Amino acid sequence: MLIYKILRTAEWRTAERDRIFRGSPDDRRDGFIHCSLAEQAPATYEKYFAGDADLVLAAIDADALGTTLKWETSRGGALFPHIYGDLPLSAVRWSRPLASIDDLRQLGQ
């Protein structure tokens, strides 16, 4: 199963250099790395990233995260994937620039 993380390009470049993603400032403030399922990603984009043109979408193998992955109730009562700890880039299956919300709408198809 894949889960998704939307992040800023500078954050992704740092993660690629370090081979680990330690979270965005918002993630670190909240104590976990916020992720989304394919069907949740467009609303996440609209709520937190609309208008930001310098983004990356990372697809993460949920099974590779082990016990650091927790499913917790969040926006609208839906269960969201949260990573408690760092995200090793070995768990990332692919990443690509995220140009618009249309890129996210294609995830579930």
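Being a predicted model, the structure only gives us computed values, none of them experimental.

### A look at helix H3 (residues 41–49)
When we look at burial in H3, the residues that qualify are Ala41, Pro42, Thr44, Tyr45 and Phe49. Each buried residue of H3 lies within a common arc of 160 degrees when the element is viewed along its axis, so the set occupies one face. Buried residues along H3 sit against strand S1 (2–8), strand S4 (55–61), strand S6 (79–83), strand S8 (92–98) and helix H4 (101–105). Of the residues one or two after H3, Gly51 is the one with positive phi, at around 90 degrees.

### As for unusual backbone geometry
You will see that Arg19, though not glycine, has its phi angle at about 65 degrees, which is positive. Structurally, Arg19 is set in the loop between helix H1 (9–18) and strand S2 (20–21).

### A few points about the nonpolar core
Among the nonpolar cores identified, the biggest contains 19 residues, and Ile3, Trp12, Ile60, Leu65, Ile83 and Leu87 are the most heavily contacted of them. Elements with a contribution of two residues or more to this core: S1, H1 and S4. Per-element tally for this core: the top contributor is S4, with 3 residues. Apart from the residues within four sequence positions on either side, Trp12 is in contact with Leu7, Val56, Ala58, Leu89, Val92 and Ser95.

### Quick look at the environment of Leu2
With respect to the secondary-structure elements, Leu2 resides in strand S1. The sequence separation of Leu2 and Ser36 amounts to 34 residues, and the corresponding C-alpha distance is 9.3 Å. Dropping the residues within four chain positions of it, Leu2 is found in contact with Leu37, Ala59, Ile60, Asp61, Arg93 and Trp94.

### Quick word on the pairing of S6
Note on strand geometry: in a regular strand, side chains alternate between the two faces of the sheet. Extensive coverage of S6 is indicated by the burial of 4 of its 5 residues. Strand direction decides the pairing type here: strand S3 (residues 33–34) and S6, joined by 2 bridges, are antiparallel. In the sheet register, His34 faces S6, and the bridge partner there is His82. Here strand S5 (residues 69–73) pairs with S6 via 5 bridges, running antiparallel. Its bridge partner lying in S6, Trp71 is registered against Pro81. With antiparallel pairing between neighbouring strands as the criterion, S5 and S6 make up a hairpin whose turn holds 5 residues, including Gly76 at a positive phi of roughly 65 degrees.

### Re the sheet that holds S8
The strand order across the open sheet formed by 3 strands is S1-S4-S8, and the pairing between neighbours is antiparallel. Edge strands, defined here as strands with exactly one partner in the open sheet, are S1 and S8. Direction aside, the axes of adjacent strands within the sheet are offset by 20 degrees on average. As defined by bridge partners, S4 adjoins S8 across 6 bridges and the pair is classed as antiparallel. Directly across from Ile60, in S8, lies its bridge partner Val92. Lying on the sheet, H1 is in contact with S1, S4 and S8; it crosses S1 at an angle near 110 degrees. Against the sheet, H3 makes contact with S1, S4 and S8, and its axis sits at roughly 20 degrees relative to S1, the strand it touches most.

Cut-offs and rules
Residues numbered from 1 in each chain as written. Predicted model: local features only at pLDDT ≥ 70, side-chain atom pairs only at ≥ 80, totals over all residues. Heavy atoms only, no water. Buried < 20%, exposed > 50% of the residue type's maximum accessible area, 1.4 Å probe, protein only. Helix = DSSP H or I, 4+ residues; strand = E, 2+ residues; numbered from the N terminus. Arc of directions from axis to C-beta. Contact = heavy atoms within 4.5 Å. Core = buried A, V, L, I, M, F, W, Y, C linked by side-chain atoms within 4.5 Å. Pairing = 2+ DSSP bridges. Axes fitted to C-alpha atoms, helices over the stretch in contact; angles between N-to-C directions.

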